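A closer look at the structure
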Amino acid sequence: MASQPCDGCGTEVSIGGGITGIWASKSQPTEGIILELADDTEQFLCYDCIDRLPDDREVTADDVAALEE
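Summarised in this report is the structure supplied together with it. (Residues numbered from 1 in each chain as written. Predicted model: local features only at pLDDT ≥ 70, side-chain atom pairs only at ≥ 80, totals over all residues. Heavy atoms only, no water.)

The next point concerns the pairing of strand S1 (residues 2-5). Two elements, S1 and strand S2 (residues 12-15), share four bridges in a ladder whose sense is antiparallel. Looking at S2, one finds that alanine 2 is bridged to isoleucine 15. From the end of S1 to the start of S2, which pair antiparallel, there are six residues, and glycine 10 there has a positive phi angle of about 85°. (Pairing = 2+ DSSP bridges. Helix = DSSP H or I, 4+ residues; strand = E, 2+ residues; numbered from the N terminus.)

All right, on to the pattern of salt bridges then. When charged atoms on two side chains of opposite charge get close, those side chains can pair. Considering all chains together, one arrives at two salt bridges under this definition. Put simply, Asp56, Arg57 and Asp63 are held in one network by salt bridges that share partners. (Salt bridge = Lys/Arg side-chain N within 4 Å of Asp/Glu carboxyl O.)

Its place among the elements puts aspartate 63 in helix H2 (residues 61-67). Look at aspartate 63 and you get buried, because its relative accessible area is 12%. Here the side chain of aspartate 63 touches threonine 60 through a polar contact of 3.0 Å, landing on its backbone nitrogen. When residues no more than four places from it in sequence are discounted, the contact partners of aspartate 63 are Leu53, Pro54, Arg57 and Glu58. (Buried < 20%, exposed > 50% of the residue type's maximum accessible area, 1.4 Å probe, protein only. Polar contact = N/O pair within 3.5 Å; in protein donor to acceptor, adjacent residues only side chain to side chain. Contact = heavy atoms within 4.5 Å.)

Now for the pairing of strand S3 (residues 32-36). Both S3 and strand S4 (residues 42-46) contribute to a ladder of five bridges, which runs antiparallel. What sits directly across from isoleucine 34, in S4, is phenylalanine 44.

The next thing to look at is a negative patch on the surface. Where like charges cluster on the molecular surface, the negative patch consists of Glu36, Asp39, Asp40, Glu42 and Asp62. With respect to the helices and strands, the residue glutamate 36 is situated in strand S3. (Patch = residues over 30% accessible without salt bridge, like charges linked within 9 Å, V, L, I, M, F, W, Y side chains within 5 Å. Areas by Shrake-Rupley, 256 points an atom, 1.4 Å probe, with all protein chains shown as cover. Lys, Arg positive; Asp, Glu negative; His and termini not counted. Charge placed at Lys NZ, Arg CZ, Asp CG, Glu CD.)

Here we come to the environment of threonine 30. One can find threonine 30 in the loop between S2 and S3. Taking the C-alpha atoms as reference points, threonine 30 and serine 14, 16 residues apart in sequence, are found 5.4 Å from one another.

Okay, the nonpolar core next. Among the nonpolar cores identified, the biggest contains eleven residues, and these are Cys6, Val13, Leu37, Phe44, Leu45, Cys46, Cys49, Leu53, Val59, Val64 and Leu67. Counting residues per element, the ones that place at least two in this core are S4 and H2. If you tally residues by element for this core, the top one is S4, at three residues. Here valine 59 is in contact with Leu37, Ala38, Asp39, Leu53 and Pro54, once residues within four sequence places are set aside. (Core = buried A, V, L, I, M, F, W, Y, C linked by side-chain atoms within 4.5 Å.)

Spelled out as structure tokens, the structure:
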């Protein structure tokens, strides 16, 4: 299973699919997604960080950077 660091918290997150998991006997779900934000940036975030984003306005890269604090 491949992994990628979350842009919000830095945690290594499992990424499903691709050739790396083809021979795995146990499937593991993807633990994050790439979001296109209001400021036209793309951020890869784990589901925990997505839950921490503000829901009262358009999300930007500054909001993702604030997750690290």
